[in-house]
Amino acid sequence: MISKSQKTYKIITFGCQMNARDSEKLAGVLEEKGYVEGIDDVSSDIVIFNTCTVRENASNRLYGRVGYLKKSCMENKNKIVGICGCMMQEKDEVETIKKKYPYVKLIFGTHNIDEFSLYIDRALSEDKRVIEVRDKALGVERDMPSKRVFPFKCGVNIMYGCDNFCAYCIVPYVRGRERSRDVKAIIDEIKRDIADGVIEVMLLGQNVNSYKGKDTDGNIVSFPDLLDRVCKIEGLKRVRFMTSHPKDLSDELIKVVRDNENCCKHIHLPVQSGSTHILEMMNRHYTRDSYVDIVDKIRREIPDVAITTDIIVGFPGESEDDFEATLSLVKEVKFDSVFTFEYSKRTGTKAASMENQVDEKVVKDRFERLLKEVESSSRTNIDRYIGRVIDVLVESKDREKGKLTGRLSNNYLVHFDGDESLVGKIVDVKLIKPFGFYFEGKLC
Ligand code: SAH
Ligand code: SF4
Ligand code: F3S
């Protein structure tokens, strides 16, 4: 229960795992200041929107919600509505907020989230609004407190930014150049998390395979080496990582995933397109064939591994043949799951100025056809687990349906009957029936 005198906060997160992790840090700062999580954004004293701008529709959702808060800001003059994250690195968006949403008191970007505590103090004490957006990072961000969404699992940043400049993608512009954290900082953070009850971590980076951190002797450490060291930390039951870029996924990485029992058998390997021509236009630095070779190698070396992917339809210049190459790749690879996106034009990226943008109707039609293919070819994958007993980490209990939800090492979900006290524990579950992308199971 929240008492009336207690000040409350609500953080609303859009976007990827990186943003989810950042939001935990923002929550950590506010909890240190004595705030508790509120029921919703309308009633909370501090509301922070942590934004994403990877696709255009994100901004509609944001402004709809911010507009809705106007009344509560008028009623509570001490309320602070703040907006941060990737969208705030775009000047036009900041200008829009300045003009249209005068009651937004705080704006900051991705490069100075570690000064959040100071910004909140200023927003509370100053009359004018606080706007702090930097063009680039000053270095690797300082440690921050954090309030985890799940007490037993969390993300750990191993690097920030991205240097790949895929032609469609805005991330390098809003997150800046690639910066790797030192090995010791990462390992110390994970040890603190474990002491605090964490049993699963997810190592986070836009392209973890290009991690180049330093150890205490100043030697450069590669991602497979870091992953191996993390897996060997005592008390850590599960280790995940995200995202792997296919262009530099090495044999060493496959070996480390295979040889460490606590390394989860799941590789998210975004392919984006099945056409080598489009991949080249996207600046992805691999071909359809080399992608298929990597998948084959991973599956040969790591039994039961799940491979998931991201696909964009309608990249400029995508012909019907190119699109059919994507369909045939989905059929051939049989991904465990696929995140599908309609191409979204992002100002400032190389693809935005390409001439041969694909007609919206064609994009929608291809998107539907892709979804159908994804559904039929993924289902053939899930059947292979039926009847087996597998360890799952219990993540939550659904109060309405009364079922527990657990996650397999390979990231599949399973619903089964059981007591809430099992949340946060690893238990054996027999997989009985597949339902789309999850199973119904029975506790053993
Ligand atoms: N760093 C990760 C992806 C980060 S963005 C990687 O390289 O795989 C997550 C996904 O959003 C991407 O994989 C891509 O499929 C999608 N995406 C990025 N920019 C997009 C755009 N302009 N339009 C549509 N989808 C996009
Ligand atoms: Fe974007 Fe490509 Fe970097 Fe991923 S690797 S964040 S898709 S530029
Ligand atoms: Fe979105 Fe920023 Fe992540 S643009 S996908 S929240 S890095």
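J.: Describe the domain arrangement of the protein, naming the residues involved and giving the relevant values.
T.: Here the protein is described as being made up of domain 1 (8-132), domain 2 (153-382) and domain 3 (389-443). For domain 2 versus domain 3, the separation of C-alpha centres amounts to 26 Å. Three residues, I199, R238 and I382, lead the burial of domain 2 against domain 3; their summed loss comes to 44% of the area buried on that side. The tally of links between domain 2 and domain 3 comes to two salt bridges. The salt bridge involving E395 is made with K153; its shortest N-O contact spans 2.8 Å. Among the elements of the structure, β13 (238-242) and α13 (360-382) are those that each provide at least two residues to the side of domain 2 that touches domain 3. With three residues, α13 is the largest single contributor of residues to the side of domain 2 that touches domain 3.

J.: Explain the site of ligand 1 to me, and be specific about the residues and the numbers.
T.: Neighbouring ligand 1 are 15 residues; Q206, P270, Q272, D310 and S344 lie closest to it. At a separation of 2.7 Å, an oxygen atom of ligand 1 approaches a polar side-chain atom of Q272. A distance of 3.5 Å is found between an oxygen atom of ligand 1 and a side-chain nitrogen or oxygen belonging to R284. Burial of ligand 1 by the surrounding chains reaches 90%, relative to a free accessible area of 540 Å². The set of elements that each furnish at least two residues to the shell around ligand 1 consists of β15 (306-313) and β16 (337-342). Counted by class, the shell around ligand 1 contains six nonpolar, four polar and five charged residues.

J.: Tell me about the packing of aromatic side chains, and name the residues and values.
T.: Going through the model one piece at a time under the given rule, you end up with 15 aromatic pairs. Relative to Y119, the ring of F108 has its centre 5.7 Å away and its plane inclined at 45 degrees; by these criteria the two rings are tilted. Taken together, the positions of F108 in strand β5 (residues 104-108) and Y119 in helix α5 (residues 116-125) put the pair eleven residues apart, joining distant regions of the chain. The class for F108 is buried, based on a relative accessible area of 0%. Take Y119: its relative accessible area is 1%, and that puts it in the buried class. Every member of this aromatic cluster is reached through a ring pair, and the members are Y63, Y101 and Y103.

J.: Could you give an account of the pattern of salt bridges, naming the residues involved and the relevant values?
T.: On inspection of all chains with the given rule, the structure shows 42 salt bridges. Where K71 meets E75, a salt bridge forms, and the shortest distance between an N and an O atom there is 3.6 Å. Placement of the pair is K71 and E75 together in helix α3 (residues 70-75), with a separation of four residues, close to one helical turn. Of the two residues examined, K71 and E75, each falls in the exposed class. We note a salt bridge from R229 to D225, for which the minimum N-O separation is 3.4 Å. Residue R229 and its partner D225 are both found in helix α8 (residues 223-231); the two are separated by four residues, about one turn of the helix. Residue R229 is classed as partly exposed on the basis of its relative accessible area of 31%.

J.: Explain the nonpolar core residue by residue, including any values.
T.: I190, V201, L203, F223, L227, F241 and I298 are the most contacted members of the largest nonpolar core, which has 70 residues in total. Residues contacting I298, with those up to four places away along its chain left out, are L249, I254, I267, L269, V305 and I307. By size, the runner-up hydrophobic cluster in this structure holds 21 residues, among which are V47, F49, A58 and V81.

Reading the values: the criteria
Residues numbered from 1 in each chain as written. Chains lettered and ligands numbered in written order. Predicted model: local features only at pLDDT ≥ 70, side-chain atom pairs only at ≥ 80, totals over all residues. Heavy atoms only, no water. Domains from an automatic or database assignment. Buried area = accessible area lost by both parts, 1.4 Å probe. Salt bridge = Lys/Arg side-chain N within 4 Å of Asp/Glu carboxyl O. Helix = DSSP H or I, 4+ residues; strand = E, 2+ residues; numbered from the N terminus. Near = heavy atom within 4 Å. Polar contact = N/O pair within 3.5 Å; in protein donor to acceptor, adjacent residues only side chain to side chain. Areas by Shrake-Rupley, 256 points an atom, 1.4 Å probe, with all protein chains shown as cover. Nonpolar A, V, L, I, M, F, W, Y, C, P; charged D, E, K, R; others polar. Phe/Tyr/Trp six-rings, centres within 6.5 Å; stacked < 30°, edge-to-face > 60°. Buried < 20%, exposed > 50% of the residue type's maximum accessible area, 1.4 Å probe, protein only. Core = buried A, V, L, I, M, F, W, Y, C linked by side-chain atoms within 4.5 Å. Contact = heavy atoms within 4.5 Å.

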